[in-house]
Amino acid sequence: MPGEKGIYMKQRLELKVNGQTYEVLVDPWQSLADVLREELGYTGVKVSCNSGNCGSCTVLLDGKAVKSCIMLAPLAKGKEILTIEGLATESNLHPLQEAFIEHFAVQCGYCTPGMILMAKALLDENPNATEDEIREGLVGNLCRCTGYVKIVEAIMAAKEKMKVTSSR
Amino acid sequence: METQYVGKRVPRVDALDKVTGQAMYSVDVELPGMLYGATLRSPLAHAKIVEIDTSAALTVPGVRAVVTGKEFPFTFGHMIKDQPFLSIHKVRYVGEPVAAVAAETEAAAQEAVEKIRVEYEELPAVFDPRKAALDGAPIIHEDLGKYDHGNVYELVPGTNISTVMKYSRGDVEVGFSEADEVFEDEFYIHPVAHTPMETHAAVVQYTPSGKMLTVWSSADAPCQRAKDLAKVLSLSFNQVRFISTYSGGGFGGKGAIVAEGIGVALAHFTKGRPVKVIYSRQEELTASQVRLEAYLKLKTGVKKDGTLTAREAEIIWDNGAYSSKGPEVARRGTLTIFGPYRTPHLTLLSRLVYTNKQPSGAYRGFGTTQVTWACEAQIDIIAGKLGIDPVEVRLRNFYADGDPYINEQIMHTAGLRETLEKASQEIGWGQKKPKTTGTKVRGKGIATTIKGTNTPTDSYCFIKVNVDGSVTVLTSSVEIGAGQKTVLAQIAADTIGVPLASIHIPNPDTCSTPFDFGVTSSRTTYHMGNAICLAGQKVRRQILETAGEILKTDPERLTLREGEIIDRDAENQMTLKELMAKKYGGKGGAIQGEGYFTPAGSSLIKAKPGIEWMSSIFWMWATHAAEVEVDTETGVVKVLKIAAAHDVGRAINPIGCEQQIEGSVIMGLSNTLFEEFKMEKGRIMNDTLADYKVATTLDLPEIVPIIVESHHSEGPFGAKGVGEPALAPTAPAIANAIYDAVGIRFKSLPITREKVLAAIRNRKP
């Protein structure tokens with residue numbers, strides 16, 4: 001709204017998303033989810049509760065899972081941000097993405113990006129996670145469609161593939 | 001018929017879009033010049049609007065429109081036209097939209113909303129539908145008698161009774177006189193939130209020049225919503241365009257005009273600029289729609305051997321402040337309250353009552369969940385009192401093949417007994433209970449349900465075989481998450497004889513995709529599946545005829561499989577791609593076919609004249625068996641296992657059916673044990689996902705989905721449906737298992753830990 005009064009000063013912020021560096025102007029109160037979606041077009045980041053209770057907006061910050069709807073964007077400065085759009089390579093899906101397809105872990109798909117990234121963070125930290133540990137790790141990621149059964153199955157299957165991939 | 005795809009565990013065609021973040025939902029739609037909407041909502045449950053002052057809101061920088069019911073005085077309603085887009089003269093629930101703002105940014109819209117001043121004159125409110133139905137209750141809709149309702153439903157003007165339905169068959173007095181025992185029980189089922197992960201959202205654009213209203217939304221029945229909006233805004237059907245996006249979950253909640261309504265009101269005042277409206281989670285929980293709560297009285301006469309002789313049901317349903325699909329939910333639900341059991345003598349009385357609460361509407365099961373809760377708990381009570389095994393009582397009374405339904409439709413019940421037998425077998429029914437250790441006691445329970453589909457309803461589709469042999473299937477069936485696109489693509493691939501990968505099913509657009517009744521009532525596989533079969537057979541025939549011309553042979557000698565045209569003697573062979581190139585390669589062209597399916601006229605739905613509408617073209621049967629562990633010290637109910645057997649007719653995609661069953665079981669468990677609105681004076685106090693608890697990964701029991709295939713004679717490849725019935729038997733199966741464990745009968749939902757603990761403590765020693 002150039003020319004209109006009452007505009008707050010925006011901050012210049014450098015963000016590294018999926019390996020690319022962006023310079024964006026953000027309002028000081030803007031959440032990371034909001035900036036990723038609205039300013040940078042990473043709409044794979046899904047917002048559902050906007051209060052940190054459902055995990056749909058999960059992204060990875062230096063490999064750690066964060067709920068981007070309750071994190072102020074400037075706090076992500078200098079960190080490597082990974083969204084679902086950055087998970088696959090040019091030629092290959094990530095084993096978690098493959099497993100979610102193969103094991104029918106997807107229904108409406110709205111929770112899927114957050115689930116996959118949460119699972120990645122869990123398995124990167126604990127490559128030998130048991131089923132119980134995975135269930136515990138996913139407690140903050142809600143899904144209303146699948147009943148979680150096939151999501152847990154997919155992650156267990158991806159776990160084995162990820163071990164093979166990382167040992168290469 | 002040999003199939004390449006039908007009956008197989010074919011991966012979902014939408015999965016790649018969804019695991020890569022490319023799937024577009026309504027919240028992701030972005031258009032040039034787009035504005036953002038925000039809504040001022042009523043803080044009161046029932047009040048007159050004295051004055052609205054929007055002057056301060058209009059001065060907020062970036063604000064482009066502020067709209068109230070004065071500027072946009074229209075109402076809508078799919079069944080009863082009783083709901084204003086924005087309040088007109090009065091408000092009827094906490095959360096009702098009173099005014100809306102469109103601005104350049106969400107923040108500006110929100111700021112302007114806070115500057116709107118409304119003066120209310122509070123009116124007495126009523127929240128309990130039983131009280132609202134009484135004489136002297138505050139009247140919520142003074143003009144009920146004047147509302148357009150298509151004369152389908154019986155309204156009771158001058159009261160809060162939105163609709164009433166009465167029905168009887170046989171003579172209950174005779175039936176009760178034949179009974180050895182008469183059981184009278186009252187049940188209650190609470191309202192719950194759909195809680196889709198994607199809240200309601202829409203982008204709406206109105207271009208005044210062409211009088212064209214375009215709505216991007218994930219509504220589950222875009223043609224119905226376009227029809228509704230055209231009617232109330234005096235536009236023609238082709239001036240209202242619904243463009244469907246992927247849906248981030250619906251469960252019935254997206255079967256109404258919700259966020260779309262705010263957008264429509266605003267878009268009329270933004271000079272052609274589109275407006276995006278996204279419901280916050282708080283709005284989703286408090287001001288969208290919920291499952292109808294219900295008070296159910298059941299009176300049942302039984303012989304000593306467990307044979308049912310007569311049944312009476314009286315139900316009061318809570319409509320909330322506006323009708324949405326309440327009238328149809330109430331009557332469809334009421335009709336099946338006597339379950340899948342022969343009932344020679346019966347009476348039904350159903351009243352749907354307005355209250356000053358969030359509107360109620362469709363919720364996975366469409367009334368079946370509410371009535372199954374009462375029916376199946378009472379069957380368990382009867383079995384217990386008579387000392388007959390609950391499985392045995394059910395088997396004794398199940399409809400047999402050829403028995404009449406309550407409207408004399410002939411029932412085809414293949415699959416019904418099998419669901420009960422398989423579920424009970426899987427749970428280890430009748431096996432000795434393990435010894436109780438400490439405070440944890442185990443029990444098992446079982447429940448069966450019957451669910452029909454709204455009949456008759458229509459589906460149309462259009463298939464194009466493109467110049468390169470690829471296939472486009474145009475339908476208005478929305479992918480609401482349940483795998484619609486995959487199942488329809490499988491049916492198309494096998495019917496035409498082409499690879500699944502060659503088929504594309506775009507999202508619906510009511511300007512170009514043909515009419516469909518909607519993704520509702522578990523009807524898509526059956527109805528749209530049949531339409532695709534009809535269209536697919538047409539294009540297949542044309543392909544083979546064209547091939548006959550080109551190959552100079554009798555088309556009868558040719559077949560098409562996986563995109564290959566093969567001669568009976570394998571002399572001639574060509575691919576569909578080659579055929580299309582030969583025929584149309586130069587100037588372009590396509591082979592096309594349409595399909596129109598309606599079950600109207602089928603002999604299967606014949607019934608007593610005048611009440612054929614109670615018939616269903618297919619009946620879905622399901623039985624759930626639950627094993628629970630109740631901690632008598634803490635009241636915690638842990639569901640250990642649920643075996644869920646469903647007669648789906650034919651599983652077009654078995655793993656897709658499993659997805660539906662598993663998802664429903666968890667939703668049912670969550671509805672039953674955790675979810676509950678806490679209300680104060682009509683205000684929902686737990687309006688976040690931190691306080692409105694839904695099941696998580698830690699609440700996951702062992703779920704065993706069991707697919708029973710009874711092969712429907714008129715279904716596509718024998719299929720029926722599975723989306724809704726999987727929710728209904730879960731609650732009574734759990735409650736019956738709790739009874740088996742601790743001898744406490746819960747007749748009121750939810751069964752929270754606090755309630756269990758209180759009941760255990762109050763138990764007579």
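What you see is a predicted model, and the numbers here were worked out from it, not measured in a lab. (Residues numbered from 1 in each chain as written. Chains lettered and ligands numbered in written order. Predicted model: local features only at pLDDT ≥ 70, side-chain atom pairs only at ≥ 80, totals over all residues. Heavy atoms only, no water.)

Describing the overall build of chain B
Across its full length, chain B carries 18 helices and 32 strands. For chain B, the C-alpha radius of gyration of 27 Å lies close to 27 Å, the compact-globule estimate for 765 residues. In terms of principal-axis extent, the alpha carbons of chain B reach across some 85 × 70 × 55 Å. Counting only residues that meet the buried cut, chain B has 65% of its 765 residues in that class. (Helix = DSSP H or I, 4+ residues; strand = E, 2+ residues; numbered from the N terminus. Rg over C-alpha atoms; globule rule 2.2 N^0.38 Å. Buried < 20%, exposed > 50% of the residue type's maximum accessible area, 1.4 Å probe, protein only.)

Let's talk about the sheet that holds strand S11 (residues 201-207) of chain B
Residue and element names in this part refer to chain B. Pairing is mixed in the open sheet, where seven strands are placed in the order S3-S7-S1-S14-S11-S12-S13. On the outer flanks of this sheet lie strand S3 (63-68) and strand S13 (240-244), each paired with one strand and no other. Going across the sheet, the axis of each strand differs from the next one's by a mean of 25°, ignoring polarity. Across the face of the sheet, helix H3 (residues 106-114) comes into contact with strand S1 (35-41), S3 and strand S7 (97-103) while running at roughly 25° to S1. (Pairing = 2+ DSSP bridges. Axes fitted to C-alpha atoms, helices over the stretch in contact; angles between N-to-C directions. Contact = heavy atoms within 4.5 Å.)

So, the confidence of the model for chain B
In the predicted model, chain B carries a mean pLDDT of 97, and 100% of its residues have values of at least 70. Reported confidences for the modelled complex are a pTM of 0.97 and an ipTM of 0.97. (pLDDT = per-residue confidence, 0-100.)

Focus: the interface of chain B and chain A
On the side of chain A, 43 residues touch chain B, which itself brings 59 residues to the contact. Summed over both partners, the interface of chain B with chain A comes to about 4,200 Å²; 62% of that surface belongs to carbon and sulfur atoms. Where chain B meets chain A, there are five salt bridges. A salt bridge links Lys150 of chain A to Glu662 of chain B; the shortest N-O distance between them is 2.8 Å. The tally of links from chain B across to chain A stands at 27 residue pairs in polar contact (both at pLDDT 80 or more). Elements with a contribution of two residues or more to the side of chain B that touches chain A: helix H1 (15-19) and helix H16 (654-673) of chain B. Among the elements that line the side of chain B that touches chain A, the one with the most residues is H16 of chain B, at 10 residues. Along the lines of polarity and charge, the residues of the side of chain B that touches chain A split into 26 nonpolar, 20 polar and 13 charged. (Buried area = accessible area lost by both parts, 1.4 Å probe. Salt bridge = Lys/Arg side-chain N within 4 Å of Asp/Glu carboxyl O. Polar contact = N/O pair within 3.5 Å; in protein donor to acceptor, adjacent residues only side chain to side chain. Nonpolar A, V, L, I, M, F, W, Y, C, P; charged D, E, K, R; others polar.)

Notes on the packing of helix H10 (residues 368-386) of chain B against helix H17 (residues 730-742) of chain B
Helix-helix packing: each pair is described by the crossing angle between the helix axes and the interaxial distance. Residues and elements named next belong to chain B. At a minimum axis separation of 8 Å, H10 and H17 run at an interaxial angle of 30°. With respect to each other, H10 and H17 are oriented roughly parallel. Classified by chirality, the crossing of H17 by H10 is right-handed. Judged by residue contacts, Thr372, Trp373, Glu376, Ala377 and Asp380 of H10 engage Ala731, Pro732, Ala735, Asn736 and Tyr739 from H17. Taken together, the residues of the contact of H10 with H17 sort by class into six nonpolar, two polar and two charged. (Parallel < 35°, antiparallel > 145°, perpendicular 65-115°, else oblique. Left-handed = near helix turned anticlockwise from the far one by under 90°.)

Let's talk about the domain arrangement of chain B
All names here are of chain B. Under the domain assignment used here, chain B contains domain 1 (15-22 + 457-597), domain 2 (31-389) and domain 3 (398-454 + 615-765). A C-alpha centroid distance of 38 Å is found between domain 1 and domain 2. Across the boundary between the two partners, domain 1 contributes 19 residues, which contact 19 residues of domain 2. Contact between domain 1 and domain 2 buries roughly 1,600 Å² in total, counting both sides, with carbon and sulfur atoms accounting for 57%. A per-residue breakdown of the area domain 1 buries against domain 2 is headed by Val478, Ile480 and Thr510, which together make up 32% of the total. Where domain 1 meets domain 2, there are one salt bridge. Taking the shortest distance from any N to any O, the salt bridge between Arg241 and Asp509 comes out at 2.6 Å. The interface formed by domain 1 and domain 2 contains six residue pairs in polar contact (both at pLDDT 80 or more). Class assignment for the residues of the side of domain 1 that touches domain 2 results in eight nonpolar, five polar and six charged. (Domains from an automatic or database assignment.)

Focus: a negative patch on the surface
Residue and element names in this part refer to chain B. On the surface, a cluster of negative charge is made up of Glu51, Asp53, Glu119 and Glu121. Among the elements of the structure, strand S2 (47-53) and strand S8 (117-122) are those that each provide at least two residues to the negative patch. Topologically, Glu121 is positioned in strand S8. (Patch = residues over 30% accessible without salt bridge, like charges linked within 9 Å, V, L, I, M, F, W, Y side chains within 5 Å. Areas by Shrake-Rupley, 256 points an atom, 1.4 Å probe, with all protein chains shown as cover. Lys, Arg positive; Asp, Glu negative; His and termini not counted. Charge placed at Lys NZ, Arg CZ, Asp CG, Glu CD.)

With respect to the side chain of Gln484 of chain B
Examined against the element boundaries, Gln484 of chain B turns out to sit in helix H13 (residues 484-496). For Gln484 of chain B, the residues in contact, after removing those within four places along its chain, are Val478, Glu479, Val519 and Thr524 of chain B.

Comments concerning the domain arrangement of chain A
All names here are of chain A. Considered domain by domain, chain A is made up of domain 1 (11-86) and domain 2 (95-166). Contacts between domain 1 and domain 2 engage 18 residues on the former and 14 residues on the latter. Between domain 1 and domain 2, roughly 1,200 Å² of surface is buried when both sides are summed, and carbon and sulfur atoms account for 63% of that area. Three residues, Lys46, Thr58 and Ile84, lead the burial of domain 1 against domain 2; their summed loss comes to 36% of the area buried on that side. The tally of links from domain 1 across to domain 2 stands at one salt bridge. In this structure, Glu125 and Lys64 form a salt bridge, with 3.8 Å as the shortest nitrogen-oxygen distance. The interface formed by domain 1 and domain 2 holds four residue pairs in polar contact (both at pLDDT 80 or more) in total. At the level of elements, strand S3 (58-61) and strand S4 (64-67) are the ones that each hand at least two residues to the side of domain 1 that touches domain 2. Broken down by class, the residue content of the side of domain 1 that touches domain 2 amounts to seven nonpolar, eight polar and three charged.

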